[in-house]
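This is what each chain is made of:
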Amino acid sequence: MSGHSTYQPQNAFMKWMERRLPIAGLVYSSFVVYPTPRNLNYWWTFGAILSFMLAIQIVTGIILVMHYTPHADMAFNSVEHIMRDVNYGWLLRYLHSNGASMFFVAVYIHMFRGMYYGSYKEPREVLWILGVILYLLMMATGFLGYTLPWGQMSFWGATVITNFFSAIPGVGETVVTWLWGGFAVGNPTLQRFFSLHYLLPFVIAGVVVLHVWALHVVGQNNPAGIEPKTDKDVVAFTPYATIKDGFVVVCFMMVYAWFVFYVPNYLGHADNYIPANPAVTPAHIVPEWYYLPFYAILRAIPNKLLGVLAMFGSIAILAFLPWLDTSRVRSARYRPLFKQFFWIFVAVCLGLGWLGAKPAEGGYVIAARILTFYYFAHFIIILPVLGWIEKTKPLPNSIAESILNPHPTSGGTVTR
Amino acid sequence: MGVASTLIPLIAQMNPDASTIAAGAPIEVDLSPVAEGQVIKVFWRGKPIFINHRTKKEIDEAAKVDLASLPDPQPDSARVKPGKAQWQVLVGICTHLGCIPIAHSGEYDGYFCPCHGSQYDTSGRIRRGPAPANLPLPPYEFLTDTKIRIG
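Described below are features of the structure shown in this document. (Residues numbered from 1 in each chain as written. Chains lettered and ligands numbered in written order. Predicted model: local features only at pLDDT ≥ 70, side-chain atom pairs only at ≥ 80, totals over all residues. Heavy atoms only, no water.)

### Thoughts on the overall build of chain A
Part 1 of the argument: A tally of regular secondary structure across chain A gives 16 helices and two strands.
Part 2 of the argument: Its C-alpha atoms give chain A a radius of gyration of 24 Å, within 12% of the compact-globule value 22 Å for 416 residues.
Part 3 of the argument: A burial count over chain A gives 51% of its 416 residues as buried.
Part 4 of the argument: Of the contacts formed within chain A by residues at least 6 apart in sequence, a portion of 80% connects residues at least 24 apart. (Helix = DSSP H or I, 4+ residues; strand = E, 2+ residues; numbered from the N terminus. Rg over C-alpha atoms; globule rule 2.2 N^0.38 Å. Buried < 20%, exposed > 50% of the residue type's maximum accessible area, 1.4 Å probe, protein only. Contact = heavy atoms within 4.5 Å.)

The structure is reproduced here in structure tokens:
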């Protein structure tokens, strides 16, 4: 994305506009003629899905705010009012709550794609770190949003998460009182969580701009993990990537619609339909499914402060991935050992997620401790060592060759 | 200097406001309706306070415990007012992650927290589980033999 766009406006109005604010030229060079590796597979469409979901969450969210009341005495009833009285309120609410889940499904796939194909490696380190920042912002936004209906899970989830900060030695209690705006979670807490929940999606949008900018400067990675060398390795973004993204977005919407219209409360927790009661703690406090692996890690460590640090550490460690993985080869396609460890890692994450929903006793705690240890070992021990000892497969000479002539014999030529 | 004077109000506004602090003023609780063996809950500063009219058995159990075996050692006598060992006044919030424990349950005949399994004894001291500290005492005093002021 350096230098002027190759956009040549045809009509008089566009010529006038391009001289003053070359936005059409920017869109043209970034999303129309932008050179895209020709071998991208469907795992590369999730960036577009994420952008789409962010837009949906913002639109449904802003509309919901027209009918929601952010006060502890009225929040729960205002959400029921949305569900029962507001025209299509039930649809907007379910779109927003299930939209958050779909947003997280897409982000996890997007992140696992990055880990598998080495998209975090040089020169894409900053792109990856911006992604980790986006993930943290998403988690914060999701947590804040979940407190807003002021149900039992909203209230107690807020209590548990804000209590984490009391683990900080010395200033912990002061920090928690400051966060609460009172002596316990209450109306001041709800009101500020509402304000921040409205703010953060726009911060996310800003960081997404940086993320796409960083991407366009270095170019996309691709399943072979080797950089494009000639024009034969790339195609124009439009129509190829545009249509592919559009198609996958439609498929994704079908899954989304199935949840919204057939099982809209499946991913939620029934206890959140009980108004918040500070005197009664629900028997099983669990966060939403997308936080479960980290909840399992938190509960696995018997010490309060260390548990909180381990939980935050398990996310923070992602930022160091470009430096922890010492291999010169990017894509798991050519790293047979890494490929196996990758899938073990995926299974460990799923296992931790499952354990996060279970009561913290007996065999579940032991299993959570083993998987937590493995989670960190994957980053701190396995990845660095693998890079040194692994025997990788030979890389293809170019992207074009990897598709058109995957097994070249000596002297063979590509006729295309 | 300029930055500090800009930032201080922006950050300090999040601390409890005047109305919240006023709502946290001391409360008086009449103990005469509380029967022996009964635990009542009152709210002070948004937090549940357990007031437990302990039986003789519970008081004796609390006194007999070997302090060296406690994760957070504290004698029962330090957790009640002199001459009023039957009245236990505790902040009913588990010191682990903030759930409300259930009274008269658990292996130590005290309080049991259902969230992650912390067990407290008849003095409200942590015996087992992930909670790091005993159930804290709120500030309180006896105005008469049957009335306390909390806060």
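So, next bit.
### Side note on a nonpolar patch on the surface
Residues and elements named next belong to chain A.
Part 1 of the argument: On the surface, L337, F373, I380, I381, V385, W388 and I389 cluster together into a nonpolar patch covering about 760 Å² of accessible area.
Part 2 of the argument: At six residues, helix α15 (residues 363–389) tops the list of elements feeding residues into the nonpolar patch.
Part 3 of the argument: By the element assignment, I380 lies in helix α15. (Patch = residues over 30% accessible without salt bridge, like charges linked within 9 Å, V, L, I, M, F, W, Y side chains within 5 Å. Areas by Shrake-Rupley, 256 points an atom, 1.4 Å probe, with all protein chains shown as cover. Salt bridge = Lys/Arg side-chain N within 4 Å of Asp/Glu carboxyl O.)

### Let's talk about the interface of chain A and chain B
Part 1 of the argument: Taken together, the contact pairs 27 residues of chain A with 25 residues of chain B.
Part 2 of the argument: Here chain A and chain B share an interface that buries about 2000 Å² over both sides, 65% of which is from carbon and sulfur atoms.
Part 3 of the argument: For chain A, the biggest contributors to the area lost against chain B are W178, F183 and K304 of chain A; these three give 35% of the whole.
Part 4 of the argument: Linking chain A with chain B are zero salt bridges. (Buried area = accessible area lost by both parts, 1.4 Å probe.)

### Considerations on the sheet that holds strand β4 (residues 87–91) of chain B
All names here are of chain B.
Part 1 of the argument: Strands sit in the order β2-β3-β4 across an open sheet of three strands; the sheet is antiparallel. The open sheet has two edge strands with one neighbour each: β2 (39–44) and β4. Ignoring which end each strand starts from, the neighbouring axes of this sheet average 25° apart.
Part 2 of the argument: Of the strand pairs in this sheet, β2 and strand β3 (residues 47–53) are connected by six bridges, and their pairing is antiparallel. Directly across from V39, in β3, lies its bridge partner N52. (Pairing = 2+ DSSP bridges. Axes fitted to C-alpha atoms, helices over the stretch in contact; angles between N-to-C directions.)

### Description of the environment of V65 of chain B
All names here are of chain B.
Part 1 of the argument: Within the secondary structure, V65 sits in the loop between α3 (56–64) and β4.
Part 2 of the argument: Given a relative accessible area of 17%, V65 falls into the buried group.
Part 3 of the argument: Between the C-alpha atom of V65 and that of S123, which follows or precedes it by 58 residues, the distance is 9.9 Å.
Part 4 of the argument: If we skip the residues at most four places from it in the chain, V65 touches L70, D121, R125 and R127.

### With respect to empty space enclosed by the protein
Residue and element names in this part refer to chain A.
Part 1 of the argument: Counted under the stated rule, the structure contains two cavities of 30 Å³ or more.
Part 2 of the argument: For the largest cavity, the calculated volume is near 60 Å³.
Part 3 of the argument: Along the walls of the largest cavity sit A296, R299, A300, L355, K358, P359, A360, Y364, V365 and A368, which together make up its complete lining.
Part 4 of the argument: For the lining of the largest cavity, the secondary-structure elements that each account for two or more residues are α11 (292–300) and α15. (1 Å grid on protein atoms, 1.4 Å probe; cavity = no way out; pocket = protein on both sides within 12 Å on 5 of 7 lines; lining within 4 Å. Points joined across faces, edges and corners; volume = space filled by probe spheres on them.)

### So, the packing of helix α5 (residues 89–117) of chain A against helix α10 (residues 237–262) of chain A
How two helices pack is summed up by the angle between their axes together with the distance between the axes.
Residue and element names in this part refer to chain A.
Part 1 of the argument: Orientation of α5 relative to α10, taken along the N-to-C sense of each, is 130°, at an axis distance of 9 Å. When the axis of α5 is compared with that of α10, the two are oblique. Of the two elements, α5 crosses α10, and the hand of that crossing is right-handed. Across the interface between the two elements, W90, L91, Y94, L95, H96, N98, G99, M102 and A106 from α5 touch F252, V255, Y256, F259, V260 and F261 from α10. (Parallel < 35°, antiparallel > 145°, perpendicular 65-115°, else oblique. Left-handed = near helix turned anticlockwise from the far one by under 90°.)

### Details of the sheet that holds strand β1 (residues 27–30) of chain B
Residue and element names in this part refer to chain B.
Part 1 of the argument: Taking strand neighbours across the sheet as the criterion, the three strands line up as β1-β10-β9 in an open arrangement whose pairing is antiparallel. Only two strands of the sheet have a single partner each, and these edge strands are β1 and β9 (140–144). On average, each strand axis in the sheet is tilted by 30° relative to the strand beside it, whichever way the strands run.
Part 2 of the argument: In this structure, β9 lies alongside strand β10 (residues 147–150), joined through four bridges in antiparallel fashion. Across the sheet, the residue bridging to Y140 is I150, located in β10.

### Description of helix α14 (residues 336–356) of chain A
Part 1 of the argument: In this model α14 of chain A runs 31 Å from its N-terminal to its C-terminal C-alpha over 21 residues, within 8% of the 30 Å that 1.5 Å per residue would give.
Part 2 of the argument: Buried positions along α14 of chain A lie against α5, α11 and α15 of chain A. (Expected span 1.5 Å × (residues − 1).)

### Points about the nonpolar core
Part 1 of the argument: Core analysis: the largest hydrophobic core is formed by 117 residues, its most contacted members being F104, Y135, Y375 and F379 of chain A.
Part 2 of the argument: Sorting elements by how many residues they give to this core places α5 of chain A first, with 14 residues.
Part 3 of the argument: Setting aside its immediate chain neighbours within four residues, F104 of chain A contacts Y135, M138, M139, W289, Y290 and Y291 of chain A.
Part 4 of the argument: Core analysis: the second largest hydrophobic core is formed by 14 residues, V34, V89, F142 and I148 of chain B among them. (Core = buried A, V, L, I, M, F, W, Y, C linked by side-chain atoms within 4.5 Å.)

### Let's talk about α5 of chain A
Residue and element names in this part refer to chain A.
Part 1 of the argument: Over its 29 residues, α5 runs 42 Å from end to end, which matches the ideal 42 Å to within 8%, given 1.5 Å per residue.
Part 2 of the argument: Of all the bends in α5, the greatest measures close to 25° and is centred on G99.
Part 3 of the argument: Judged by how many residues are buried, α5 sits mostly within the fold: 23 of 29 residues are covered. (Bend = angle between axes of the 7 residues up to and from the residue.)

### Re the side chain of S327 of chain A
Residue and element names in this part refer to chain A.
Part 1 of the argument: Along the chain, S327 turns up in the loop between α13 (321–324) and α14.
Part 2 of the argument: Given the relative accessible area of 9%, S327 is considered buried.
Part 3 of the argument: A polar atom in the side chain of S327 sits 3.1 Å from the backbone nitrogen of V329.
Part 4 of the argument: A polar contact of 3.4 Å, which involves the side chain of S327, links it to the side chain of R335.
Part 5 of the argument: Aside from chain neighbours lying at most four places away, what touches S327 is K121, R335 and G387. (Polar contact = N/O pair within 3.5 Å; in protein donor to acceptor, adjacent residues only side chain to side chain.)

### Remarks on the environment of V160 of chain A
Part 1 of the argument: Of note, V160 of chain A is situated in helix α7 (residues 152–163).
Part 2 of the argument: The class of V160 of chain A is buried, set by a relative accessible area of 4%.
Part 3 of the argument: With 129 residues separating them in the primary sequence, V160 of chain A and F31 of chain A have C-alpha atoms 44 Å apart.
Part 4 of the argument: When near neighbours in sequence (up to four residues on either side) are disregarded, V160 of chain A contacts I285 of chain A together with L97 of chain B.

### Looking at the layout of surface pockets
Residue and element names in this part refer to chain A.
Part 1 of the argument: If you add up the space inside the largest pocket, you get close to 1300 Å³.
Part 2 of the argument: Lining the largest pocket are 50 residues, and of these W44, G47, A48, H110 and L215 lie nearest its centre.
Part 3 of the argument: Of all the secondary-structure elements, those providing two or more residues to the lining of the largest pocket are β1 (35–37), α3 (46–65), α5, α6 (125–147), α9 (187–218) and α10.
Part 4 of the argument: Residue classes in the lining of the largest pocket are distributed as 30 nonpolar, 15 polar and five charged.
Part 5 of the argument: One number sums up the size of the second largest pocket: a volume of about 990 Å³.
Part 6 of the argument: If one sorts the elements of the lining of the second largest pocket by residue count, α5 sits on top with nine residues.
Part 7 of the argument: Of the residues assigned to the lining of the second largest pocket, the class counts are 27 nonpolar, 14 polar and three charged. (Nonpolar A, V, L, I, M, F, W, Y, C, P; charged D, E, K, R; others polar.)

All quantities given are derived from atomic positions and should not be read as evidence of function.
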